[in-house]
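One letter stands for each residue in the lines below.
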Amino acid sequence: MFNEVDRVKERRRERMERIRTQPRDSYAPFVDDWKDPIDTQEELFSFSGRDRMNEQRPVNEKWGIQILASLFLVGMAYVVFQTTLIPLAWKDSAREVMTRDFNFAGVADWYEAKFGSIPTILPALPGQTTAVPASTEGSAPVWKLPAHWKVAKSYEPESAKVVLTTGISDQVTIGETGWVAFVGEKPGYGTTVVVRLTQGREVWFGNLDGVRVTKDEVLQPGQVVGTARSVNNMSRHLYLGYAIHEEFVNPLDVIPFE
């Protein structure tokens, strides 16, 4: 049995050698080709399997390089912040770059300059209370404060805010679409929510007792921001600030009463 297999393999080897050494047009017919038995143990898919291994190897190598590069960057960042050889000013600059908020307002201004008004991302939520109503005149939004709110302290450039007296049951709402850029404590404002609007504008809601929004949340007109801190059992005080391109202005010049 084994001798027969060896003879078959030897004949095949000889024929392949003759085919390789002969010119293309002088191939001789091999009458005994049909007599060769079929090798049932032959690996029919061995070639395709090797191809798949060759295809997977570059992908694995790519992942390995990416992981090594990531570990290298993390290690470099750790060394920069731990070593005493790097100046403190450089460390502060690197920390500020890595923790800096994305300039959504700048992107919004660029988009409006290039393509027009920004399309609405989220649908308006029905059933919202509108303590600070929003309406439109033409294409410009009009944001007005409730008529029963009063000015407790007029605007001062030093404090960059106006103090408003609201009702004890009133909630503070946004008057137009915006993006929550900050939620936390601000000097002179206390617990504050900063909402970025289009065209480089920001509105600051300070002295809040309860906050109903989260950072990076997109707000729709009429959505509740929070509740101002109470001063007695009859009213609350809201600190309201308004900035245009990081320059504070009197909020009542932009957001009038009804």
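Note that the structure is a prediction, hence the values are computed from the model and not measured.

Rules used throughout
Every chain is numbered on its own, with residues counted from 1 as its sequence reads. Thresholds applied to this predicted model are a pLDDT of at least 70 for local features of residues and 80 or more for the giving and counting of side-chain atom pairs; totals over whole chains, interfaces and linings are not thresholded and use all residues. Each side-chain value is worked out from all heavy atoms of the structure, with water and hydrogens disregarded. Residues grouped as a nonpolar core are buried Ala, Val, Leu, Ile, Met, Phe, Trp, Tyr and Cys residues, joined through side-chain atoms within 4.5 Å. Only protein chains enter the accessibility calculation, which uses a 1.4 Å probe; a residue is then buried when its area is under 20% of its type maximum, exposed when over 50%, and partly exposed in between. Strands here are runs of E lasting at least two residues and helices are runs of H or I lasting at least four, both read from the DSSP assignment and numbered beginning at the N terminus. When checking whether two residues touch, look at their non-hydrogen atoms; a contact exists if any pair is within 4.5 Å. In protein, a polar contact means a hydrogen-donor-capable atom and an acceptor-capable atom, both N or O and within 3.5 Å, with residues adjacent in sequence counting only if both atoms are side-chain atoms; elsewhere, any N or O pair within 3.5 Å suffices. For a helix, the expected span equals 1.5 Å multiplied by the number of residues minus one. Any carboxyl oxygen of Asp or Glu that lies within 4 Å of a side-chain nitrogen of Lys or Arg is treated as forming a salt bridge with it. When DSSP finds two or more bridges between two strands, those strands count as paired.

A. Structural context of the nonpolar core. Core analysis: the largest hydrophobic core is formed by 23 residues, its most contacted members being Ile 174, Val 195, Val 203 and Phe 205. With three residues, strand β12 (residues 235-244) is the single largest residue contributor to this core. The residues contacting Val 203, other than those within four sequence positions of it, are Trp 143, Ile 174, Val 193, Val 194, Val 195, Leu 240, Gly 241 and Tyr 242.

B. Highlighting the side chain of Arg 201. Of note, Arg 201 is situated in strand β8 (residues 201-206). A distance of 2.8 Å separates a polar atom in the side chain of Arg 201 from the backbone oxygen of Thr 198. Residues within four places of Arg 201 in sequence aside, it is in contact with Glu 176, Val 195, Arg 196, Tyr 242, Ala 243 and Ile 244.

C. Molecular detail of helix α3 (residues 88-99). The terminal C-alpha atoms of α3, which comprises 12 residues, lie 16 Å apart, in line with the 16 Å expected from a rise of 1.5 Å per residue. Taken across its 12 residues, α3 has one buried, putting it largely on the surface.

D. Structural view of the pattern of salt bridges. Going through the model one piece at a time under the given rule, you end up with five salt bridges. For Arg 229, the salt bridge goes to Asp 209, with nearest N and O atoms at 3.8 Å. In this pair, Arg 229 is assigned in strand β11 (residues 224-230) and Asp 209 in strand β9 (residues 208-211), connecting sequence segments 20 residues apart. Of the residues examined, Asp 209 reaches a relative accessible area of 48% and is grouped as partly exposed.

E. A look at the environment of Gly 178. Topologically, Gly 178 is positioned in strand β6 (residues 178-186). Spatially, the C-alpha atom of Gly 178 lies 9.7 Å from that of Val 194, the residues being 16 residues apart in sequence. Apart from residues no more than four positions distant in its own chain, Gly 178 is found in contact with Val 195, Arg 196, Leu 197, Glu 217, Val 218 and Leu 219.

F. Fine view of the pairing of β12. Of all 10 residues in β12, seven are buried, a share of seventy percent or more. Bridge count for strand β4 (residues 161-167) against β12 is six bridges, and the pairing is antiparallel. Counterpart to Val 163 in the pairing with β12 is Tyr 239. When β8 meets β12, the two strands line up antiparallel, connected through six bridges. In the sheet register, Arg 201 faces β12, and the bridge partner there is Ile 244. Bridge count between β11 and β12: two bridges; the pairing is antiparallel. Paired with Ser 230 across the strands is Arg 236, a residue of β12. Counting the residues that bridge the hairpin from β11 to β12 gives four residues. In the sheet, β12 pairs with strand β13 (residues 247-249) via three bridges, with the strands oriented antiparallel. Within β13, the position partnered with Ile 244 by the bridge is Glu 247. Between β12 and β13, which pair antiparallel one after the other, the connecting turn spans two residues, and His 245 there sits at a positive phi close to 55 degrees.

By themselves, these figures tell us nothing about what the structure is for.
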